[in-house]
Amino acid sequence: MRRRARIAGLGRHLPERVVTNADLARLMDTSDAWIRARTGIRERRWVEGEVGASDLALPAAREALKAAGVRPTELDLIIFATLSPDITFPGSGCLLQAKLGCATVPALDVRNQCTGFLYGLAVADAFIRAGTMSRVLLVGAEVHSTGLDLSDRGRDVSVLFGDGAGAAVLVASEDGSGVLGTRLHADGSEHELLMIEAPASRHHPRIDHAMIDEGRHYPRMDGRGVFRRAVSRVPEVLREVLDAHGLAPADIDLLVPHQANRRINDAVARKLGIPEERVVQNIDRYGNTTAASIPIALSEAVEEGRLRSGDLLAMAAFGAGLTWAASLVRW
Ligand code: UT7
């Protein structure tokens, strides 16, 4: 049978500190009722002290490696998806590699925001299919809390994001299980709908006091614009990848969507006729953890026994870039 990447182990790590909507309402002009009604979020996790994305990734990666029975030194590649790297460069993949003690395993950072995990999955699957690699660690990890505008000015974005990490170990499979296919898309002409502008190489200096005063180092989003595009692009890319494999929405046993807004995921499921018990939703507890949201949700779903051997798993995401993607996995 065809060689492809199979998910052999999963792990996740969430910081202990729980930040409720009521906690945020003490910092800015917002309310628990608004956040729950508009997004489905009740609470999120925030790091404490000096913790970077690779620090959150480390325990998640160790858990995934243990579950897969793979030692860090046996890895062929580390792929690290994040929009919140520990430092500007080098990438968090290199930092994680050192923490795992697996020098000189190659490490690659993926900068694709909410779709980072699925872009990373496509890269890992391609290396494995080509036969050049057999064991890849794929991590999504984010520390948002240190970069949010907690004043009233930033309330539309700051209530959404949380910190966390998820990891998967991918190994070569030839028994029909594994990644059936992935479809990736991007439209950079709309990058201004969701971005952090500074520090930036196109500015000289990369950041200055005026930019900080204007809050240009914080994320900025046209929420309605992103929402509207997400509810049309996500069903579209899911249909595209299903069609490519002669499958239909009714064949999906479990959908793990990116967790950006519960209303987006409800709308996607409604459009495709997927019953809610087949859709994983955990945004209520973690908020939007960007590249980490799919592996965290998948690791919880597997732990809860929501996937059986032979099931069809679908994953889909939409976010900054703009980028969107969907993957199908035979479990
Ligand atoms: O993962 C990356 C991709 N990101 C997304 O997919 C996010 C997509 N967008 C969304 O999820 C939603 O657009 C939001 C949750 C961000 C906002 O929900 P919305 O229903 O689109 O609200 P809105 O932006 O249209 O704002 C409605 C009102 C505004 O007040 P007025 O103009 O109606 O008086 C906002 O100023 O809600 C106000 N508002 C808030 N009120 C209380 C905005 N943020 C807040 C807040 N608390 N935190």
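Before reading further, recall that the structure is shown in the block above.
About the criteria used
Residues numbered from 1 in each chain as written. Predicted model: local features only at pLDDT ≥ 70, side-chain atom pairs only at ≥ 80, totals over all residues. Heavy atoms only, no water. Salt bridge = Lys/Arg side-chain N within 4 Å of Asp/Glu carboxyl O. Helix = DSSP H or I, 4+ residues; strand = E, 2+ residues; numbered from the N terminus. Buried < 20%, exposed > 50% of the residue type's maximum accessible area, 1.4 Å probe, protein only. Near = heavy atom within 4 Å. Polar contact = N/O pair within 3.5 Å; in protein donor to acceptor, adjacent residues only side chain to side chain. Areas by Shrake-Rupley, 256 points an atom, 1.4 Å probe, with all protein chains shown as cover. 1 Å grid on protein atoms, 1.4 Å probe; cavity = no way out; pocket = protein on both sides within 12 Å on 5 of 7 lines; lining within 4 Å. Sits in = over half its atoms within 2 Å of the grid points. Nonpolar A, V, L, I, M, F, W, Y, C, P; charged D, E, K, R; others polar. Domains from an automatic or database assignment.

## Some remarks on the pattern of salt bridges
Once their charged atoms are close, side chains differing in charge can pair, the charge on each being opposite to the other. Inspection of the entire model under this criterion finds 19 salt bridges. For E303, the salt bridge identified is with R12, shortest N-O distance 3.1 Å. Note that E303 is positioned in helix α11 (residues 293-303) and R12 in strand β1 (residues 4-13), a separation of 291 residues in sequence. A relative accessible area of 59% means that E303 is categorised as exposed. Across the pair R306 and E304 runs a salt bridge, and its minimum N-O distance is 4.0 Å. Judged by relative accessible area, R306 falls into the partly exposed class, the value being 30%. Residue E304 is classed as exposed on the basis of its relative accessible area, which comes to 52%. A single salt-bridge network, built from bridges that share partners, covers R12, R285, E300 and E303.

## Brief notes about the site of the ligand
Within the structure, the ligand sits among 21 residues, and T30, R38, R224, N261 and N288 are positioned closest to it. R224 has a polar side-chain atom sitting 2.3 Å from an oxygen atom of the ligand. Coverage of the ligand by the protein amounts to 77% of the 950 Å² it exposes when considered alone. Because more than half of its atoms lie within 2 Å of the grid, the ligand is assigned to the second largest pocket. Contributing elements (two or more residues each) for the shell around the ligand: α2 (32-39), α6 (155-158), α8 (223-244) and α9 (262-272). Sorting elements by how many residues they give to the shell around the ligand places α8 first, with 4 residues. Looking at the shell around the ligand, its residues break down into 9 nonpolar, 6 polar and 6 charged. Counting contributing residues, the shell around the ligand receives three or more from each of domain 1 (4-175) and domain 2 (180-330).

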